[in-house]
Amino acid sequence: MPITDAQIIDAIIDREGGYVDHAADRGGPTNFGITMAKLREWRGDPNLTANDVRMMRRGVAELIYM
């Protein structure tokens, strides 16, 4: 049986985990594997902050991955 898009997204999110903001990570604040730059692009808002990334729900990450 073929793997579905939803299964792939679940696997990515499970691997990436929740919010992280490590100084050594060039991606900066990340949640569910979604960087702040990607969230800003997706929402069309260059003023989003690390807190916006932290508060992002899993469902939003799933939509971004689609």
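What comes next is a walk through the structure. (Residues numbered from 1 in each chain as written. Predicted model: local features only at pLDDT ≥ 70, side-chain atom pairs only at ≥ 80, totals over all residues. Heavy atoms only, no water.)

Taken together, Ile3, Ile8 and Ile12 make up a surface patch of nonpolar side chains, about 270 Å² in accessible area. Looking at the element boundaries, Ile12 is found in helix 1 (residues 5–16). Accessibility expressed as a relative area gives 31% for Ile12, which makes it partly exposed. (Patch = residues over 30% accessible without salt bridge, like charges linked within 9 Å, V, L, I, M, F, W, Y side chains within 5 Å. Areas by Shrake-Rupley, 256 points an atom, 1.4 Å probe, with all protein chains shown as cover. Salt bridge = Lys/Arg side-chain N within 4 Å of Asp/Glu carboxyl O. Helix = DSSP H or I, 4+ residues; strand = E, 2+ residues; numbered from the N terminus. Buried < 20%, exposed > 50% of the residue type's maximum accessible area, 1.4 Å probe, protein only.)

Turning to the packing of aromatic side chains, a few remarks are in order. In the structure shown here, the tally under the stated rule is 0 aromatic pairs. The positively charged end of Arg54 is found above the aromatic ring belonging to Tyr19, 4.7 Å away from the centroid. (Phe/Tyr/Trp six-rings, centres within 6.5 Å; stacked < 30°, edge-to-face > 60°. Lys NZ or Arg CZ within 6 Å of the ring centre and 35° of its normal.)

With respect to the element layout, Leu48 can be found in the loop between helix 2 (36–43) and helix 3 (50–55). The class of Leu48 is buried, set by a relative accessible area of 6%.

The contact between helix 1 and helix 4 (residues 58–65) brings their axes to 10 Å, and the two run at 125°. As summarised for this structure, helix 1 and helix 4 are arranged oblique, according to the angle between their axes. The two elements helix 1 and helix 4 meet at a crossing, and its hand is right-handed. Counting all contacts with helix 1, which are made through Ile9, Asp10, Ile12, Ile13, Asp14 and Glu16, the residues of helix 4 involved are Arg58, Ala61, Glu62 and Tyr65. Each residue belonging to the contact of helix 1 with helix 4 can be placed in one class, and the counts come to 5 nonpolar, no polar and 5 charged. (Axes fitted to C-alpha atoms, helices over the stretch in contact; angles between N-to-C directions. Parallel < 35°, antiparallel > 145°, perpendicular 65-115°, else oblique. Left-handed = near helix turned anticlockwise from the far one by under 90°. Contact = heavy atoms within 4.5 Å. Nonpolar A, V, L, I, M, F, W, Y, C, P; charged D, E, K, R; others polar.)

So, about the pattern of salt bridges. Per the counting criterion, the structure on display carries 4 salt bridges. We note a salt bridge from Arg58 to Asp10, for which the minimum N-O separation is 2.9 Å. With Arg58 in helix 4 and Asp10 in helix 1, this residue pair connects regions lying 48 residues apart in the sequence. By relative accessible area, Asp10 is classed as partly exposed at 32%. A relative accessible area of 30% places Arg58 in the partly exposed class.

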